[in-house]
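This is what each chain is made of:
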Amino acid sequence: MEKNNSRRGFIEKSLVGGALAFTALPGLLSGKDRSPFPMDLASGKRPGPKVDKVLRSFPENMVWGYFGADVPPKLSVKEREIVEIHTVSTSGVPREDPESFFKKNNLAFDDHAKELVEIIKNVPPEPSGIRGHMLTGPVFIEGAMPGDSIEIRIHDVVLRSEYGVNHVRPGRDDIPQEIKNTESFVYRYNKKRTSAELLPGVEIPLKPFMGVMALSPPPETGRVSSIPPDFFGGNLDLKHLIKGTTLTLPVSVEGGLFTTGDAHGAQGNGEVSGTAIETSMILVAEFVIHKKTISMPWAETPDHFIVFGLNPDLDEAMKQALAESIRFIHEHLGFTYEEAMSISSTAVDFEITQVVDRTEGVHGMIPKSIFTNRKFTYWYSS
């Protein structure tokens, strides 16, 4: 009986959080950004598909650095509702004097900057000392139960700011000894937000994606840092998870409890400095529940299926990625294990996702085009 009451309170909190997500708090923000729907700075129109619900990045909707089954949801959504989730990057912004970051770098102290400062000043760190990313959520997906899997369809990823930050720090074993100084680099976006300039003559194409997308770990795990990725997702840092792609994760708790953040304007495979172009972003997503148990994440693009290997040892991560590739080709596409091994060797590209998140990542890119007798249907068309 006590357990049921606890669950009822859990859901009631989620509905309260959802109501807060739709309303700008008095005195928190000023100006045009009070609207629950963002405006595309280039066109003046709200981008993407019709949105059913919005979770704004107000302090009470943020979680600093951790996932956990006991974290109260901030929004409750039905399956297939399209949700707009606002995230912020605090990267490079000092907690003691956040306003100074904008002045020092000659950046506008706009509504986004004011919201960011409010978050830095009002979101407490996890009491036990767990540290990680500034995240938005969780979102409770109605009907999702342990043993299910949730397909996260990424309808859009929209840049919120005019800049991103990358850090270079010496001291890690894998950093060349020539790197002796700690430096933060501010990348400024062009007007159409299609590229980022580091220095005159150095422009990085912007391919925005969410570095962190996670469901809750199992209750017995307790709270865990958002830094190392795991079977429930998290800090996967997969650069291919752009607009029009899908990530599927296993459900460990009722409602799934989806949390996101660590938005990247662009990143190379490996994320070798430890950071990408860290930025603030809006995720527009849809959740689809599958009554099928999976043990590891997998992703899909219009052209590829993507499997993961995750382990503190990069060699072991590679072994797991290979095993997942073979299993996927066998279970989903109907080939024998031996045939799947051959296909993995001749057609699957294994790439290093990242080597900086304590748990290192390898992903396998399985091309759909090689399966000429199969017609794959996909939810997204550009």
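Everything below is about the structure shown above.
Residues numbered from 1 in each chain as written. Predicted model: local features only at pLDDT ≥ 70, side-chain atom pairs only at ≥ 80, totals over all residues. Heavy atoms only, no water.

**Let's talk about the overall build of the protein**
Threshold: Working definition: helices are DSSP H or I runs of at least four residues, strands are E runs of at least two. Numbering for both runs from the N terminus. Throughout, a contact is declared for two residues whenever any of their heavy atoms are within 4.5 Å.
Of regular secondary structure, the protein possesses five helices and 21 strands. Considering only contacts in the protein between residues 6 or more positions apart, those separated by 24 or more positions represent 76%.

**Observations regarding the environment of Glu142**
We count it as follows: Using a 1.4 Å probe on the protein chains alone, a residue whose accessible area is under 20% of its type maximum counts as buried, one over 50% counts as exposed, and one in between counts as partly exposed.
Secondary-structure assignment places Glu142 in the loop between strand E6 (134–141) and strand E7 (149–159). Among the residues examined, Glu142 registers a relative accessible area of 31% and is labelled partly exposed. With 113 residues separating them in the primary sequence, Glu142 and Gly255 have C-alpha atoms 5.5 Å apart. Not counting residues up to four positions away in its chain, the partners in contact with Glu142 are Ser76, Val77, Lys78, Glu79 and Ile289.

**A short note on the sheet that holds strand E5 (residues 82–86)**
What counts is decided by this rule: When DSSP finds two or more bridges between two strands, those strands count as paired. Axis angles are defined between N-to-C directions and span 0 to 180 degrees, where every axis is a line fitted to C-alpha atoms and, for a helix, only to the segment in contact.
Taken in spatial order, the nine strands line up as E1-E5-E17-E7-E15-E18-E19-E21-E20 in an open sheet, and their pairing is mixed. Of all strands in the sheet, those bounded by a partner on one side alone are strand E1 (53–55) and strand E20 (349–354). Neighbour-to-neighbour, the strand axes of the sheet open up by a mean angle of 25°, direction not taken into account. Taken together, the three bridges between E1 and E5 define a ladder with parallel strand orientation. For Leu55, the partnering residue across the bridge sits in E5 and is Ile85. Together, strand E18 (298–300), strand E19 (304–311), E20 and strand E21 (360–367) form the strand contacts of helix H4 (residues 314–333), whose direction differs from that of E19 by roughly 145°.

**Quick word on the side chain of Ser91**
With respect to the helices and strands, Ser91 occurs in the loop between E5 and helix H2 (99–104). Residue classification places Ser91 among the buried positions, given a relative accessible area of 16%.

**Brief notes about the packing of aromatic side chains**
Stated precisely, the cut-off is as follows: Classification of ring pairs rests on two measures: the distance between centres of Phe, Tyr or Trp rings, Trp counted by its six-membered ring, which must be within 6.5 Å, and the angle between planes, read as stacked under 30 degrees, edge-to-face over 60 and tilted in between.
Taken as a whole and judged by the stated rule, the model has 15 aromatic pairs. Ring centres 5.1 Å apart and planes at 65° place the aromatic pair Phe258 and Phe287 in the edge-to-face group. Placement of Phe258 in strand E16 (residues 258–264) and of Phe287 in strand E17 (residues 281–290) is noted, with a sequence separation of 29 residues between them. Accessibility expressed as a relative area gives 0% for Phe258, which makes it buried.

**Thoughts on H4**
Along an α-helix, residues three or four apart share an orientation, since each turn contains 3.6 residues. Going by this rule: To estimate how far a helix should reach, multiply one less than its number of residues by 1.5 Å.
The first and last C-alpha atoms of H4 sit 27 Å apart over 20 residues, in line with the 28 Å expected at 1.5 Å per residue. Within H4, the full set of buried residues consists of Ala317, Ala321, Glu324, Ser325, Ile326, Phe328, Ile329 and Leu333. Buried residues along H4 sit against E18, E19, helix H5 (337–346), E20 and E21. Gly334 sits one or two residues past H4 and shows a positive phi near 85°.

**A short note on helix H3 (residues 111–122)**
Counted at 1.5 Å a residue, the expected span for H3 with its 12 residues is 16 Å, and the 16 Å between its end C-alpha atoms agrees. In this fold, the buried residues of H3 make contact with strand E2 (62–64), H2, E6 and strand E8 (163–168).

**Overview of the nonpolar core**
How we decide: Definition of nonpolar core: a set of buried residues of the types Ala, Val, Leu, Ile, Met, Phe, Trp, Tyr and Cys, connected through side-chain atoms within 4.5 Å.
By size, the foremost hydrophobic cluster in this structure holds 41 residues, and its most contacted members are Ile150, Ile152, Met213, Leu247, Phe258 and Phe287. Each residue touching Ile152, except ones within four places of it in the same chain, is listed here: Met213, Thr245, Thr246, Leu247, Leu249, Phe258, Ala285, Glu286 and Phe287. With 17 residues, the next largest nonpolar core counts Phe101, Phe102, Ile119 and Met134 among its residues.

**Brief notes about the side chain of Asn105**
If you trace the backbone, Asn105 turns up in the loop between H2 and H3. Those residues in contact with Asn105 that lie beyond four places of it in its chain are Val186 and Arg188.

**Regarding the pairing of strand E12 (residues 209–214)**
Regular strands show a simple pattern: their side chains alternate between the two faces of the sheet. Of all six residues making up E12, six are buried, and the element is well covered by its neighbours. Note that E12 and E16 share five bridges and pair antiparallel. In the strand pairing of E16, Met210 is matched with Ala263. Sheet analysis places E12 next to strand E14 (residues 233–234), joined by two bridges and oriented antiparallel. The residue of E14 that forms the bridge with Ala214 is Gly233.

**Here we look at the sheet that holds E8**
Strands sit in the order E8-E9-E10-E11 across an open sheet of four strands; the sheet is antiparallel. The open sheet terminates on both sides in strands that have one partner only, identified here as E8 and strand E11 (202–205). Averaged over neighbouring strand pairs, the angle between their axes works out to 30° when direction is ignored. The pairing of strand E10 (residues 195–199) with E11 spans four bridges and is antiparallel. Bridged to Ala196 within E11 is Ile204.

**A closer look at the packing of H4 against H5**
We count it as follows: Orientation categories follow fixed angle ranges, with anything under 35 degrees roughly parallel, anything over 145 roughly antiparallel, 65 to 115 roughly perpendicular, and all other angles oblique. Should the near helix be turned anticlockwise from the far one by less than a right angle, the crossing is termed left-handed; should it be turned clockwise, right-handed. Amino acid classes used here: Ala, Val, Leu, Ile, Met, Phe, Trp, Tyr, Cys and Pro are nonpolar; Asp, Glu, Lys and Arg are charged; the rest, including Gly, are polar.
Taken N-terminus to C-terminus, the directions of H4 and H5 make an angle of 125°; their axes are 8 Å apart at the nearest point. Considering their axes alone, H4 and H5 lie oblique with respect to each other. You can see that H4 and H5 cross each other, and the crossing is right-handed. For the pair H4 and H5, contact is made by Leu322, Ser325, Ile326, Ile329 and His330 and by Tyr337, Ala340, Met341, Ile343 and Ser344, respectively. For the contact of H4 with H5, a count of residues per class yields seven nonpolar, three polar and no charged.

**What to know about the pattern of salt bridges**
What counts, and what does not: Here a salt bridge means any side-chain nitrogen of Lys or Arg lying within 4 Å of a carboxyl oxygen belonging to Asp or Glu.
Here the structure, examined in full by the defined rule, presents 14 salt bridges. Ionic pairing is found between Glu99 and Lys121, a salt bridge with its closest N-O pair at 2.9 Å. Linking Glu99 in helix H2 with Lys121 in helix H3, this pair joins segments that are 22 residues apart in sequence.

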